[in-house]
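# Structural features, examined
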Amino acid sequence: MPEYNDNYSFDTLAIREGQLRTNEGEHSEPIFTTSSYVFASAEEAAARFSGEQPGNIYSRFTNPTVRTFEQRLAALEGAESCVATASGMAAILATCLGLLKAGDHIVSSRSIFGTTTLLCTNYLAKFGIETRFVDLADIGDWTTAIRPETRLLFLETPSNPLTELADIEQLAQLAHQNDCLLVVDNCFCTPALQQPIALGADIVIHSATKFLDGQGRCMGGAILGPKDIVGEEIFGFNRTAGPAMSPFNAWVFLKGLETLSLRMKAHSANALALARWLEQQVAVERVFYPGLESHAQHQLAKTQQSGFGGLLSFELKGGKDAGWKLIDATRLISITANLGDTKSTITHPATTTHGRLTPEQREQAGIADGLIRVAVGLEDIEDLKTDLARGMG
Ligand SMILES: *Cc1c(COP(=O)(O)O)cnc(C)c1O
């Protein structure tokens, strides 16, 4: 195993950290496609199973390719431990079931991934774990929602699709004053643009399916944080319950991490250019992007993030008809809800991701009928503008 010291910077760690070189001398990381591992003797098998001797037993517990991914991502997030999972949802489930019991309480931002909301309301609730949803940017709302049984505060920042921010440092303080853990789903910024643990968060969640892969190929997730919480409690749940990351997917994500920093800079540059251009279009009512001076939390975005990310949304003047017309006129941008891909994608939140909400709930969430979300990819910016201009007005 090559030796590293702790002084390497982000871009070096993203390429080098955690590599396990075998006797073959391979340069790129190998994929260990094996479900189990062989022991030298009955005695060694017994020592592994009892936990006396560290080492691989079965790939639902540990796998060398997956471990390389875990060590690399942990270095990038500044975390002690990382557990890789089969998907982002598996990471959120493992965090909740590894740490909570019946009677415990979660306070969560209302502006989170729709499936995460369903996990809380339809499934965790069945086992006596209740969730109270609050306004992401309203510290007063968070404060009054906390009860003696509250164990976790959960959020995504920036939010999707309106790109609202939470002040992570402030919410970490609130969490710790109340003996809670702050959990941040860092899917949209990735550690290349935002490092929640350095700001006081306890646990970071990833859907590796998005920007960590970066090319829309594989499902995966990760949980990062202190060794006693993530490396023991959550790992214990995950190896027992089963949603382990496949070694092939771990290898794809490792290749993704190697270009993460470059890609996030390019996504951010393209998104900022597109946001500025959209602000000037007569068909557009307003644009939501943290990199714009017009964004209500632009200052917070500048201090909390080192870049503004690849996600933006904008409201068209003509409501749903104008929204659908613009989407249907695109020839390049893909009509799909996925994000974090080199390929740009476009959606109409009011009739897709937020379609199950009542009109009142949508209005409360700020999802206007003319709202369009674009996950800005890495295509040429002029081609993206042409594609969006076609259906305007
Ligand atoms: C996609 C997504 C998830 C879920 O991840 P999967 O890999 O699809 O299970 C969780 N959080 C956010 C913010 C996401 O965008």
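From a predicted model like this one, the values you see are computed outputs, not experimental measurements. (Residues numbered from 1 in each chain as written. Predicted model: local features only at pLDDT ≥ 70, side-chain atom pairs only at ≥ 80, totals over all residues. Heavy atoms only, no water.)

## Focus: the environment of R132
- Counting through the fold element by element, R132 comes out in strand β3 (residues 130-134).
- A residue is classified by how much of its surface remains accessible, and R132, at 38% relative accessible area, is partly exposed.
- The spacing of R132 and W142 is 10 residues in sequence and 9.4 Å in space, taken between C-alpha atoms.
- Ignoring sequence-local partners within four residues, the contact set of R132 consists of H105, I106, V107, S108, D141 and A145. (Helix = DSSP H or I, 4+ residues; strand = E, 2+ residues; numbered from the N terminus. Buried < 20%, exposed > 50% of the residue type's maximum accessible area, 1.4 Å probe, protein only. Contact = heavy atoms within 4.5 Å.)

## Considerations on the packing of aromatic side chains
- Scanning the model with the defined rule gives 5 aromatic pairs in all.
- Between the aromatic rings of F39 and F49, the centroid separation amounts to 6.0 Å while the plane-to-plane angle is 70 degrees, which identifies the pairing as edge-to-face. Of this pair, F39 sits in the loop between α1 (10-16) and α2 (42-50) while F49 sits in helix α2; the two residues are 10 residues apart in sequence, bridging distant segments of the chain.
- Each ring, one from Y289 and one from F308, has its centre 6.4 Å from the other, and the planes form 70 degrees; the classification is edge-to-face. Taken as a pair, Y289 in the loop between β8 (284-288) and α12 (298-304) and F308 in the loop between α12 and β9 (311-316) lie far apart in primary sequence, 19 residues in all. We note that Y289, like F308, is buried. (Phe/Tyr/Trp six-rings, centres within 6.5 Å; stacked < 30°, edge-to-face > 60°.)

## A few points about the domain arrangement of the chain
- Its domain assignment divides the chain into domain 1 (10-258) and domain 2 (261-389).
- On a C-alpha basis, the centroid separation for the pair domain 1 and domain 2 is 27 Å.
- Contacts between the two partners involve 32 residues from domain 1, matched on the other side by 37 residues from domain 2.
- Regarding the contact of domain 1 and domain 2, the summed buried area is about 2600 Å², with carbon and sulfur atoms giving 58% of it.
- For the interface between domain 1 and domain 2, the tally reads 0 salt bridges.
- Among the secondary structure elements, those contributing two or more residues to the side of domain 1 that touches domain 2 are α1, α7 (168-177) and α8 (190-193).
- When residues in the side of domain 1 that touches domain 2 are grouped by element, the largest group, 3 residues, is from α8.
- Partitioned by chemical class, the residues of the side of domain 1 that touches domain 2 number 16 nonpolar, 9 polar and 7 charged. (Domains from an automatic or database assignment. Buried area = accessible area lost by both parts, 1.4 Å probe. Salt bridge = Lys/Arg side-chain N within 4 Å of Asp/Glu carboxyl O. Nonpolar A, V, L, I, M, F, W, Y, C, P; charged D, E, K, R; others polar.)

## With respect to the pairing of strand β7 (residues 221-225)
- Of all 5 residues making up β7, 5 are buried, and the element is well covered by its neighbours.
- Side-chain alternation along β7 places G221, I223 and G225 on one buried face and A222 and L224 on a second face that is also buried.
- Where strand β6 (residues 203-207) lies against β7, 4 bridges are found, and the strand directions are antiparallel. Looking at β7, one finds that S207 is bridged to G221. (Pairing = 2+ DSSP bridges.)

## Topic: the pattern of salt bridges
- For the structure shown, the criterion picks out 15 salt bridges.
- Put simply, E315 and R286 hold a salt bridge, and the shortest N to O gap is 3.7 Å. Taken together, the positions of E315 in strand β9 and R286 in strand β8 put the pair 29 residues apart, joining distant regions of the chain.
- A network of salt bridges, in which partner residues are shared, links E29, R72, K255 and E258.

## Section: the sheet that holds strand β11 (residues 345-347)
- A sheet is described by the order of its strands in space; here 5 strands give the open sequence β8-β9-β12-β11-β10, paired in mixed fashion. In this open sheet, the two strands that pair with only one neighbour each are β8 and β10 (334-335).
- Bridge count for β10 against β11 is 2 bridges, and the pairing is parallel. Each residue of the ladder has a partner; that of I335, found in β11, is I346.

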